[in-house]
Amino acid sequence: MTAYLLRRLLYAIPILIGVNLLTFALFFMVNTPDDMARMQLGVKRVTPEAIEDWKRARGYDKPLFVNAAAQGGARFTDTIFFEKSVRLFVFDFGFSDDGRDIGREIRERMGPSLAIALPVFVLGLFAYVCAAVLLVFFRQTALDLAGVVACVVLMSVSAMFYIIGGQYLVSKAWRLAPISGFADGAAMVPFLLLPVVIGIVAGLGASTRWYRTIFLDEMGREYVRTARAKGLSEMRVLFGHVLRNAMIPILTGVVVVIPSLFLGSLLFESFFGIPGLGSYTIDAINAQDFAVVRAMVFLGSVLYIAGLVLTDLSYAWVDPRVRFA
Amino acid sequence: MPASSDVAARCPVPRSVLPWIGRWPLATLLACVLLVGCSGPWNDPYPDDDRQVRSQTIYSAFSARPKHLDPARAYTSDAYVFVGQIYQPPLQYHYLKRPFELTGFAAAEVPRPRYLDSQGRELPADAPASEVAFSVYDVRIREGLRYQPHPALAVDAAGKPRYHALTPGELSRIHTLQDFPEAGTREVVAADFVHQIKRLANPRLQSPILGKMANYIVGLGPLSERLREQAKSLPRDAFIDLEPHAIEGVTVVDRHTFRIRIKGKYPQFVYWLAMPFFSPMPPEADRFYAQPGLAKKNISLDWYPLGSGPYMLSEHDPNRRMVLSRNPNFAGEVYPSEGAPGDREAGLLDDAGRPLPLASRIVFTLEKEQIPYWNKFLQGWFDSSGISSDAFDQAVQMNESGDIGISDEMAARGIRLQTSVATSVFYAGFNWNDPVVGSGGKAGPAERERARKLRHAISLAIDQEEFISIFRNGRAIAAQGPIAPGIIGFREGEAGLNRYIYDWVDGEPRRKPLSEAKRLLAEAGYPDGRDAKTGQPLVLYLDTTAGGPGARSRIEWYVRQLQKIDIQLVPRLTDWNRFQDKLRQGNVQMFFLGWNADYPDPENFLFLLYGPEGKVGRDGNNSANYSNPEYDRLFEQMKGMDDGPARQQVIDRMVEILRHDAPWVWGLHPVDYTLRHGWLLNSKPNSMAQNELKFHRVDGAARAAAQAAWNDPVVWPIGLAGVALAALVLPAWAGYRRRERRLGRVDARGSAGDAR
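Residues numbered from 1 in each chain as written. Chains lettered and ligands numbered in written order. Predicted model: local features only at pLDDT ≥ 70, side-chain atom pairs only at ≥ 80, totals over all residues.

J.: Please clarify how the overall build of chain B should be interpreted in this entry.
T.: In terms of regular secondary structure, chain B is built from 24 helices and 25 strands. Projecting the C-alpha coordinates of chain B onto the three principal axes gives extents of approximately 110 × 80 × 60 Å. Among the 756 residues that make up chain B, the fraction classed as buried is 40%. Counting contacts in chain B only where the partners sit at least 6 residues apart, residues at least 24 apart contribute 69% of the total. (Helix = DSSP H or I, 4+ residues; strand = E, 2+ residues; numbered from the N terminus. Buried ≥ 20, exposed ≤ 12 C-beta atoms within 10 Å, placed from the backbone. Contact = placed C-beta atoms within 7 Å.)

What follows is the structure, given as structure tokens:
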């Protein structure tokens, strides 16, 4: 297991280097530091001196990869690439283009992102699995057909529609919850009710269908027939045996997203005024703050890789037959 | 809304319920939420504010976090919403009077310049600009002004700064500015204004007005060079101490007076003194924030301002909300007792003489999307709102005579509509150096005249009135020249008519017919849109950064406008950075841009077409690269003149030259529509003032009553949802039971039998 983990982590390094190189090339070769400076300083009364000062203050006045004017190792460390990209590997994200410490911002914004993403994930998973099990239980009946049709309808609707429709009905017409906003501590609950419910409903159609398909695949297996032959109730068969055996395909889709929960949701955070990492990324993209975007891309890559490793580990947890070589 | 503890006191939990709570934590949580909601509107977005706090609070919103709060750097409207209330520059605009009038803010009065010749001899006040070598402004500040409480100004018993040498131990306990246990204050003195002007030259701050001010303030440019050299020799985050550096043209006269010497005669300089760039800044602030480790904790002057204005930033979470609270040390300013005609009748002088600020607290909530913002305004959670295009029909209606007014729905809620023409201009520019549409590179006068007629034909064909009607819901006025209404030099009515594009008919401007555009096009050498010599169709290129579906329809509209005179317009969509590159290199033919005035003087608009401000080669603000020797000469004359008939005459001539040459398609001046609830008092649009919130007041009782009436929760959907869920679950449960019974797998208790 340990050897496997180490190997996976070593595999991650070239992937992250590749991601880093790609983002560096995109952000620094396509969009020059001069462009960044102009974007940050605006267009009113900006002088070439101000642009030079801006670049110098942020280390963007250095060469990209090799500093011929430096000596020894500084030839490679006193460069934009080292300062802006290599340091990401030790999670030193540096400062945003408007001078804020990115690492601190990320730590502050993780909480609000999790506050919405975690309930949506946990309650959603529970709701989707229950709905799928229900449909499987009533398979080949009118209820199953109606459920599948409802799922197709639900998954055909854009998340934007759920958000705007939910805000209109729940917050505007019925005035049952704040339409947007956030608060600290327990006061955040009323603000989270609507986005969490909408988040669950928005994923209900696609996820329920997916889990239903998985469960139906399992229902034809011999162990199910054996369980029934033992006289187990259908509910016990479904939850005690089918669900457990269907865990591997479920985990494939579920565990990989767990680390990414920290990154939040771009759409939900923006519409509901949740001050999480999703809105941080959107703001950075809109402001062309590439220091933040680069950090978030790197963090996203790391968390995705972590999700994949976790998925592999979870296989062994749910299926004792799986062994890591 | 009462705090949750109040609710608990009113709804004590019976002991018998406690085990139930342990078994059903989620249901308990939901029940708690509902119980808390019972005590007031369920959709209340301010659960922490009690009734007393609310009655003194203005609730507003912001859509984007301000980039900078340092007064040397802030230069956007997003930032001015906050910076304008926190800092106290020497001057301000009178809140009520129109046209805009400067008054003292930190300064006791508006300083009058003394003019000196090159020998240092004093000249009369009406000396022509050509004789003036220097202008000297003595700014006398009011005594007794004090800074907001701030740890940078905290001192110990010996009078030494308390937090200017933070130890690692102290630093480890500090995470925000509020973690400093002590705060201090001191009097604002003249030296603080001098220090702030030196800060404009600090290369670490990249002040946007350094280039402009270095041209005027004596010694600012050399100071900037010295500091830049010093910065190069220091580590990137090392402190640059400005105190040892002197600035030749800015000196302290006495404790409450400082002197600024500027080059030549520049009457517009006083307007700059009304901007936050010239607010006082204690040197202690720079020393405090420069301490190692604070920047890493995001504790900087750019994040935690230190001002002497009416408000201070008491809560700074631009990801969620920002709160301004009354600066307890602000005193001495009262609500004005004079205003413009009609202000008294409108109740705008009812609070005359009352100490400012009138509201104790202003809460700004981040609202990025229009829909939540608009709905919260309608529910009474925000005191004012703009009107998005989507909400326009709901908010505004046109009466039979064509006048725009508030809709019946809004009027029933006591909402008022306020409109004001923005001191801005949006235009489509022609590149003066372009071989087709420009006249700059043309060999002879005949060719220049042909290009001029082409520009006029295009200007005529683009029906601004239609554009305003379709795309701005009528919220703009067609521009007759570069100067916006409300600015000195702007002429109303027929006197301000651009006669190249409009006729004056029945007391209003009427666009000349399209046949005139076609005639001009033919005279320009393009009859029916084709080059008379080659027979090739005339194809023009429009560079634009506009993206998205709304922008696409606008661009298509422009294409159709030129199709009316058989010109093919090809839009070239480009990102902002490439667009700026193209402008700098002159690789554009036509382009869209706009300008918001910094101050209410025509110089602030007319310089946009001043030759030496050309974009190509000089990186100036004249993006059209327009150049006309007569115009340039008049501009240099006009900017040094005092306001009066003589100056107006020069301005009229300059505007006439521009209308004749048509370097821009004169676009539009936006009209800002703002909706305000009836409980928000003393509100009057002022596009120049950035500190108007101190004049606003709320009728807290009226607001609380309206919020309660408008936000009564509708609970039947919850019951309906419960019934629907039951209707889904019960048949399913019954079906399950039936099936299990049929298969004989349910025991007598209804639970699954275990066959093992």
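On we go.
J.: How do you make sense of the overall build of chain A when you look at a structure like this?
T.: A count of helices and strands for chain A gives 15 helices and zero strands. Along the longest, intermediate and shortest principal axes, the C-alpha atoms of chain A span 80 × 60 × 35 Å. Residues counted as buried form 38% of the 325 residues belonging to chain A. Residue pairs at least 24 apart in sequence account for 66% of intrachain contacts in chain A once pairs closer than 6 positions are excluded.

J.: I'm lost on the sheet that holds strand β7 (residues 250–254) of chain B in this one. Help?
T.: Hydrogen bonds between backbone groups are what pair the strands of a sheet, and the pairing can be parallel or antiparallel. Residue and element names in this part refer to chain B. On the basis of which strands lie adjacent, the open sheet formed by five strands has the order β5-β4-β6-β8-β7 and antiparallel pairing. Each end of this open sheet is capped by a strand with a single partner; those strands are β5 (122–123) and β7. Lying on the sheet, helix α7 (residues 190–199) is in contact with β7 and β8 (257–263); it crosses β7 at an angle near 180°. (Pairing = 2+ DSSP bridges. Axes fitted to C-alpha atoms, helices over the stretch in contact; angles between N-to-C directions.)

J.: Sorry if this is basic, but what is going on with the interface of chain A and chain B here?
T.: Quite often, the size of an interface is put as the accessible area lost when its parts meet. Each partner contributes residues to the interface: chain A has 58 residues there, and chain B has 59 residues. Considering every element that reaches the side of chain A that touches chain B, the biggest residue donor is helix α3 (residues 48–58) of chain A, with six residues. Tallied by class, the residues present in the side of chain A that touches chain B amount to 28 nonpolar, 13 polar and 17 charged. (Nonpolar A, V, L, I, M, F, W, Y, C, P; charged D, E, K, R; others polar.)

J.: Can you help me understand the domain arrangement of chain A in this one?
T.: Residues and elements named next belong to chain A. Here chain A is partitioned into domain 1 (11–90) and domain 2 (116–318). Each partner contributes to the interface: domain 1 provides 12 residues, whereas domain 2 provides nine residues. Of all the elements in the fold, those that place two or more residues in the side of domain 1 that touches domain 2 are α1 (2–30) and α2 (33–41). The greatest single-element share of the side of domain 1 that touches domain 2, amounting to seven residues, is contributed by α1. (Domains from an automatic or database assignment.)

J.: So what exactly am I meant to see when it comes to the packing of helix α6 (residues 102–137) of chain A against helix α14 (residues 277–286) of chain A here?
T.: Two quantities define a packed helix pair, namely the angle between the helix axes and the distance between the axes. Residues and elements named next belong to chain A. In contact at an axis separation of 7 Å, α6 and α14 are set at 125° when each is read in the N-to-C sense. Classed by the angle they form, the pair α6 and α14 counts as oblique. For the pair α6 and α14, contact is made by Glu105, Ile106, Arg109, Met110 and Ser113 and by Leu277, Gly278 and Tyr280, respectively. A breakdown of the residues in the contact of α6 with α14 according to their chemical character gives four nonpolar, two polar and two charged. (Parallel < 35°, antiparallel > 145°, perpendicular 65-115°, else oblique.)

J.: What should I look at first to understand the nonpolar core in this one?
T.: Burial of nonpolar side chains together is a common tendency in soluble globular proteins. Among the nonpolar cores identified, the biggest contains 193 residues, and Leu200, Ala457 and Met654 of chain B are the most heavily contacted of them. Per-element tally for this core: the top contributor is helix α15 (residues 290–318) of chain A, with seven residues. The residues contacting methionine 654 of chain B, other than those within four sequence positions of it, are Leu606, Tyr631, Leu634, Phe635 and Met638 of chain B. Listed in part, the 24 residues of the second largest apolar core include Ala117, Ile163, Phe182 and Phe272 of chain A. (Core = buried A, V, L, I, M, F, W, Y, C linked by C-beta atoms within 7 Å.)

J.: Explain the packing of helix α21 (residues 629–639) of chain B against helix α22 (residues 645–661) of chain B to me, please; I cannot follow it from the model alone.
T.: All names here are of chain B. Contact geometry of α21 with α22 gives a least axis separation of 10 Å together with a crossing angle of 155°. Taken together, the axes of α21 and α22 lie roughly antiparallel to each other. For the pair α21 and α22, the sense of crossing is left-handed. Touching Glu630, Tyr631, Leu634, Phe635, Gln637 and Met638 of α21 are Arg647, Val650, Ile651, Arg653, Met654 and Ile657, all from α22. (Left-handed = near helix turned anticlockwise from the far one by under 90°.)

J.: What is the right way to read the domain arrangement of chain B from this model?
T.: All names here are of chain B. When the domains of chain B are assigned, the result is domain 1 (59–326) and domain 2 (424–672). Computed over C-alpha atoms only, the centres of domain 1 and domain 2 are separated by 37 Å. Domain 1 puts eight residues into the contact, and the matching count from domain 2 is 10 residues. Classifying every residue of the side of domain 1 that touches domain 2 by side-chain character gives five nonpolar, two polar and one charged.

J.: Can you help me understand the pairing of strand β23 (residues 664–676) of chain B in this one?
T.: Within a regular beta strand, the side chains point alternately toward one face of the sheet and then the other, so they alternate between its two faces. Residues and elements named next belong to chain B. Strand direction decides the pairing type here: strand β12 (residues 384–386) and β23, joined by three bridges, are antiparallel. Residue pairing for β23: serine 384 is matched across the bridge by arginine 676. In this structure, strand β15 (residues 416–421) lies alongside β23, joined through six bridges in antiparallel fashion. In the strand pairing of β23, serine 420 is matched with aspartate 672. Bridge analysis of strand β17 (residues 476–478) against β23 gives three bridges, and the strand direction is antiparallel. Opposite isoleucine 477, over in β23, you have histidine 669 as the bridge partner.

J.: Just to check I follow, could you spell out the pairing of strand β10 (residues 321–326) of chain B for this structure?
T.: Residues and elements named next belong to chain B. Inspection of the sheet shows strand β9 (residues 311–317) paired to β10 by six bridges, in the antiparallel sense. Across the sheet, residue leucine 313 finds its bridge partner in β10, namely leucine 324. Adjacent in sequence and paired antiparallel, β9 and β10 are bridged by three residues. Alignment of β10 against strand β11 (residues 361–366), held across five bridges, turns out to be antiparallel. The partner of valine 323 across the bridge, within β11, is valine 363.

J.: How should I be thinking about the sheet that holds β11 of chain B in this particular structure?
T.: Residue and element names in this part refer to chain B. Reading across from one edge, β1-β11-β10-β9 is the order of the four strands in this open sheet, with mixed pairing throughout. The sheet is open, and its two borders are formed by β1 (57–62) and β9, each paired with just one other strand. Averaged over all adjacent pairs, the angle separating strand axes in this sheet is 20°, with direction ignored. Packed on one face of the sheet, helix α5 (residues 77–86) meets β1, β9 and β10 and runs near 140° to β9.

J.: What am I meant to see in α14 of chain A here?
T.: Note on helix geometry: an α-helix contains 3.6 residues per turn, so any two residues three or four positions apart are oriented the same way. All names here are of chain A. For α14, the set of buried residues is Leu277, Gly278, Ser279, Tyr280, Thr281 and Ala284. At its buried positions, α14 is contacted by α6, α13 (266–272) and α15. Looking one or two places after α14, you find glutamine 288, whose phi comes out positive at around 55°.

J.: Can you help me understand the environment of glycine 535 of chain B in this one?
T.: Among the structural elements, glycine 535 of chain B can be located in the loop between α17 (514–523) and β20 (539–544). Considered as a pair, glycine 535 of chain B and tyrosine 80 of chain B are 455 residues apart in the sequence and their alpha carbons are 54 Å apart.

J.: How should the confidence of the model for chain B be read in this particular structure?
T.: Caution applies to low-pLDDT regions: their predicted coordinates should not be interpreted in detail. All names here are of chain B. Looking at chain B as a whole, the pLDDT averages 90, with 92% of positions reaching at least 70. Across residues 1–18 the pLDDT falls below 50, and counting only partners more than four positions away or on other chains, this stretch makes 11 contacts in the model. Every residue in residues 747–756 is under pLDDT 50, and counting partners more than four places away or in other chains gives 15 contacts. Here the prediction assigns the complex a pTM of 0.88, and the interface score ipTM is 0.86. (pLDDT = per-residue confidence, 0-100.)

J.: Got a minute to help me understand unusual backbone geometry in this structure?
T.: Outside of glycine, negative phi angles account for most residues, and trans bonds account for most peptide bonds. Along the chain, arginine 98 of chain B connects to proline 99 of chain B via a cis peptide bond; the corresponding omega equals 0°. Take proline 99 of chain B: it is sitting in the loop between β2 (91–93) and β3 (102–104). The omega torsion of the bond from leucine 356 of chain B to proline 357 of chain B falls at 0°, within 30 degrees of zero and hence cis. With respect to the element layout, proline 357 of chain B can be found in the loop between β10 and β11. Phi angles above zero are rare outside glycine, and arginine 175 of chain A is one such case at about 55°. Relative to the elements of secondary structure, arginine 175 of chain A occurs in the loop between α8 (159–173) and α9 (189–219). On the basis of neighbour count, arginine 175 of chain A is assigned to the buried category, with 20 C-beta atoms found within 10 Å. Despite not being glycine, glutamine 288 of chain A shows a phi value in the positive range, around 55°. By the secondary structure assignment, glutamine 288 of chain A is in the loop between α14 and α15. When the 19 C-beta atoms within 10 Å are taken as the criterion, glutamine 288 of chain A is described as partly exposed.

J.: Help me understand the environment of serine 314 of chain A in this model?
T.: Residues and elements named next belong to chain A. Checked against the element boundaries, serine 314 lands in helix α15. Exposure remark for serine 314: the 20 C-beta atoms within 10 Å place this residue in the buried category. In sequence terms serine 314 and asparagine 20 are 294 residues apart; their C-alpha atoms lie 28 Å from each other. Residues within four places of serine 314 in sequence aside, it is in contact with Leu251 and Val255.

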